Amino acid sequence: MLTAGIAGIGRTTLFLIREMGRMVVFLSSTTAWLFRPPLRPFQILKQLHFIGFKSMFVVVLTAAFTGMVLGLQGYYTLRKYGSEAALGAAVALSIIRELGPVLAALMVTARAGSAMTAEIGIMRITEQIDALDTMAINPLQYLISPKVVAGLIGVPLLVAIFDVVGIYGGYLVGVDLLGGNSGAYWNSIESAVEWKDVYGGIWKSVSFGLIVTWVCCYKGYYTRMSAEGLGTATTEAVVLASVLILVWDYFLTSVLL
Amino acid sequence: MSKVSTIKLVGVEKAFGSQQVLRGVDLTIPPGKLTTIIGPSGEGKSVLLKHMIGLLQPDRGEVWVDGLEISRLKGKALNEVRKRFAMLFQGAALFDSLTVFGNVAFPLREKLRLPEPDVTRRVEEKLAQVGLSGMGHKFPAELSGGMRKRAGLARALVMEPEIILFDEPTTGLDPLMAKTIHDLIVAMQRTFRFTAVMVSHEIPEVFAISDWVAMLKEGKIVAMAPSADFQRSTNPSVLEFISVGGPAPLASALPGS
Ligand SMILES: Nc1ncnc2c1ncn2[C@@H]1O[C@H](COP(=O)(O)OP(=O)(O)OP(=O)(O)O)[C@@H](O)[C@H]1O
Ligand SMILES: [Mg+2]
């Protein structure tokens with residue numbers, strides 16, 4: 001009983017270490033292939049359209065409601081202390097530093113990341129990746145690199161949109177609906193938000209873009225050869241990417257603060 | 001096609017997990033000829049083909065292509081070898097994201113970097129030969145299984161390489177179309193003199209078109225002979241296998257019957 005338990009733990013640990021090793025190798029080969037010709041600007045644009053443009057609707061929606069709920073909560077909390085004037089700062093800082101990058105990245109994971117895993121997974125199962133190999137075309141370069149580049153560019157852009165929409169969402173509720181002071185809202189933002197906060201948010205979103213595309217492409221690339229394997233891969237990709245985003249967010253925050 | 005290539009497998013063994021698929025395959029593919037591999041379903045014929053082009057690595061044994069042992073090659077060296085091959089996969093392995101035209105044009109554009117008018121000319125020609133004229137604009141998802149197979153065949157033939165591997169080129173086609181495809185493969189092979197390896201269940205048709213026939217059973221090549229001699233084989237597994245498929249041309253030819 002006991003030895004079986006210990007053996008099980010050992011096996012799981014070995015599996016996890018091997019999996020992590022494979023993920024690191026996957027990322028470093030993809031990175032290496034990024035810089036080798038031919039560069040594929042058209043592929044990158046296509047992926048940017050898929051990851052960025054097609055995620056815009058859901059990101060705007062999330063941003064609007066996040067900003068609105070922050071406006072609502074913030075207004076009533078701050079009013080207890082008579083500092084409704086700081087509402088703009090409270091909304092903007094929460095969104096720019098934390099919620100914008102994290103929520104936008106989670107939305108991209110759910111919408112584009114899972115689709116990426118499924119797409120690459122299907123290509124694996126139907127031997128399209130093998131076909132690329134037989135044509136002496138590196139699948140990492142042809143398939144994965146453009147997605148990673150698109151993630152690095154697309155997620156920060158989405159986060160920028162998220163930030164703007166979120167701040168207006170807070171304004172809508174805090175000022176238009178609940179009657180806070182419009183000038184105070186914008187003034188408090190101007191005086192409280194520093195460039196440091198903005199840069200921090202950008203760094204976060206760039207690294208989240210990498211995490212989403214890396215994890216989701218990896219899981220698709222190593223899909224096991226069955227329809228069930230495809231389902232598992234998609235679920236694992238979304239869960240792992242989301243968890244990594246939150247853990248990495250904590251690390252970055254503790255470093256950036 | 002100035003050069004003809006031989007493929008030689010020596011003692012190739014391959015297992016997936018606990019399932020031993022190949023148990024010591026010794027096989028020499030004659031250069032510039034059409035060799036057909038027959039054998040029961042699930043015995044490892046597709047696995048065998050994938051070893052020839054380095055998609056799978058043997059657990060033990062060697063794979064030689066013209067005096068070069070390829071089973072341990074990687075990266076660039078392996079790609080150099082693969083440039084001399086084309087492969088038709090059992091499931092066609094067409095790229096979902098490209099049209100039929102795009103699929104057939106893909107190796108010409110990516111590998112040979114031909115000018116676009118040449119690409120169009122060669123693709124249209126091949127599509128006509130496999131009976132897919134006017135279908136170039138369709139996506140693989142819009143094709144029937146047999147049409148996909150023929151598009152995959154066009155993609156393999158369009159490169160005019162030194163070696164072509166065909167995994168069941170006629171499975172899923174009606175008898176008339178199967179004959180057309182067989183005739184096309186034979187005509188191409190006679191014209192360009194490439195080394196052809198075909199996996200097929202079309203017995204007895206394959207005897208008429210192949211130069212050599214080999215049979216894979218229980219992980220080994222149990223018989224290999226020029227097509228005419230193969231039909232007169234006295235090997236019991238061969239007899240059993242080929243007499244179910246066709247009109248049993250052998251029973252009367254058996255010595256002692
Ligand atoms: N990538 C793989 N992972 C695990 N098992 C595999 C893999 N590829 C093939 N197999 C197993 O190897 C065995 C041989 O498969 P293969 O596809 O070569 O058969 P086949 O002779 O081509 O059959 P068919 O005539 O039906 O195409 C099968 O049992 C299959 O399950
Ligand atoms: Mg097969």
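This part is about the interface of chain B and chain A. It is common to give the size of an interface as the accessible area that goes away when the parts come together. With 20 residues of chain B in contact, the opposing surface of chain A contributes 16 residues. Between chain B and chain A, the buried area comes to about 1,600 Å², and carbon and sulfur atoms account for 60% of it. Seen at the junction of chain B and chain A, the total is 3 salt bridges. Residue Arg 82 of chain B pairs with Asp 133 of chain A through a salt bridge whose shortest N-O separation is 3.7 Å. For the pair chain B and chain A, the number of links is 5 residue pairs in polar contact (both at pLDDT 80 or more).

Residues and elements named next belong to chain B. Grouped together as the largest cluster of nonpolar side chains are 91 residues, with contacts concentrated most on Leu 27, Leu 48, Met 52 and Leu 165. Residue-level mapping places this core at the junction of two domains, with at least three residues from each of domain 1 (1-84 + 162-246) and domain 2 (93-160). Aside from chain neighbours lying at most four places away, what touches Met 52 is Ile 7, Leu 9, Leu 27, Ile 29, Ile 37, Val 63, Val 65, Ile 70, Phe 85, Leu 165 and Val 197. Core analysis: the next-biggest nonpolar cluster, separate from the first, contains 50 residues, Leu 34, Ile 209, Met 215 and Ile 242 among them.

The next point concerns the environment of Lys 149 of chain B. Residue and element names in this part refer to chain B. Examined against the element boundaries, Lys 149 turns out to sit in helix H5 (residues 145-157). In the structure, Lys 149 is positioned 34 residues away from Pro 115 in sequence and 26 Å away in space, judged by C-alpha atoms. Discounting residues that sit within four places of it in the chain, Lys 149 has contacts with Leu 88, Phe 89, Gln 90, Ala 92, Asp 167, Glu 168, Pro 169 and Thr 171. Of the polar contacts made by the side chain of Lys 149, one reaches the backbone oxygen of Gln 90; its length is 2.9 Å.

This paragraph deals with the coordination of the magnesium ion (ligand 2). Residue and element names in this part refer to chain B. At the metal site, the magnesium ion (ligand 2) is ligated by Ser 46 (OG) and Gln 90 (OE1), and these contacts range over 1.9 to 2.1 Å. Taken together, the positions of Ser 46 in helix H1 (residues 45-52) and Gln 90 in the loop between strand E6 (85-88) and helix H3 (100-112) put the pair 44 residues apart, joining distant regions of the chain. With relative accessibility at 36%, the residue Gln 90 sits in the partly exposed group.

Residue and element names in this part refer to chain B. Here Ser 233 lies in the loop between helix H8 (227-231) and helix H9 (236-245). A distance of 3.0 Å separates the side chain of Ser 233 from the backbone nitrogen of Asn 235, its partner in a polar contact. Those residues in contact with Ser 233, other than ones at most four positions away along the chain, are Val 238 and Leu 239.

Our next topic: the pattern of salt bridges. Applying the stated rule across the entire model yields 21 salt bridges over all chains. Of the charged contacts, one joins Glu 127 of chain A and Lys 50 of chain B as a salt bridge, the two residues approaching to 2.5 Å between their closest N and O atoms. Of this pair, Glu 127 of chain A sits in the loop between helix H4 (87-125) and helix H5 (128-134) while Lys 50 of chain B sits in helix H1, which puts the two residues in different chains. A single burial state applies to Glu 127 of chain A and to Lys 50 of chain B, both of which are buried. Among the charged side chains, a network of salt bridges with common partners joins Glu 19, Arg 22, Lys 219 and Glu 236 of chain A.

Residues and elements named next belong to chain B. Here chain B is partitioned into domain 1 (1-84 + 162-246) and domain 2 (93-160). Contacts between the two partners involve 19 residues from domain 1 and, on the opposite side, 11 residues from domain 2. Taken together, both faces of the contact between domain 1 and domain 2 bury some 1,200 Å²; the carbon and sulfur share is 75%. When the buried area of domain 1 at its contact with domain 2 is split by residue, Ile 164, Leu 184 and Met 188 rank highest and sum to 33% of it. The interface formed by domain 1 and domain 2 contains 0 salt bridges. On inspection of domain 1 and its partner domain 2, the count reaches 1 residue pair in polar contact (both at pLDDT 80 or more). Per element, the largest residue contribution to the side of domain 1 that touches domain 2 is 6 residues, and it comes from helix H6 (residues 175-192). Taken together, the residues of the side of domain 1 that touches domain 2 sort by class into 12 nonpolar, 2 polar and 5 charged.

The next point concerns unusual backbone geometry. Residue and element names in this part refer to chain B. With omega at 10°, the peptide bond leading from Ile 203 into Pro 204 counts as cis. Looking at the element boundaries, Pro 204 is found in the loop between strand E8 (195-199) and helix H7 (205-209). Residues other than glycine seldom take positive phi values, yet Asp 66 does so here, at roughly 50°. With respect to the element layout, Asp 66 can be found in the loop between strand E4 (60-65) and strand E5 (68-69).

Each value, and the rule that gives it
- Residues numbered from 1 in each chain as written.
- Chains lettered and ligands numbered in written order.
- Predicted model: local features only at pLDDT ≥ 70, side-chain atom pairs only at ≥ 80, totals over all residues.
- Heavy atoms only, no water.
- Contact = heavy atoms within 4.5 Å.
- Buried area = accessible area lost by both parts, 1.4 Å probe.
- Salt bridge = Lys/Arg side-chain N within 4 Å of Asp/Glu carboxyl O.
- Polar contact = N/O pair within 3.5 Å; in protein donor to acceptor, adjacent residues only side chain to side chain.
- Core = buried A, V, L, I, M, F, W, Y, C linked by side-chain atoms within 4.5 Å.
- Buried < 20%, exposed > 50% of the residue type's maximum accessible area, 1.4 Å probe, protein only.
- Domains from an automatic or database assignment.
- Helix = DSSP H or I, 4+ residues; strand = E, 2+ residues; numbered from the N terminus.
- Donors = N, O, S within 2.8 Å, 3.2 Å for Na, K, Ca; no water.
- Nonpolar A, V, L, I, M, F, W, Y, C, P; charged D, E, K, R; others polar.

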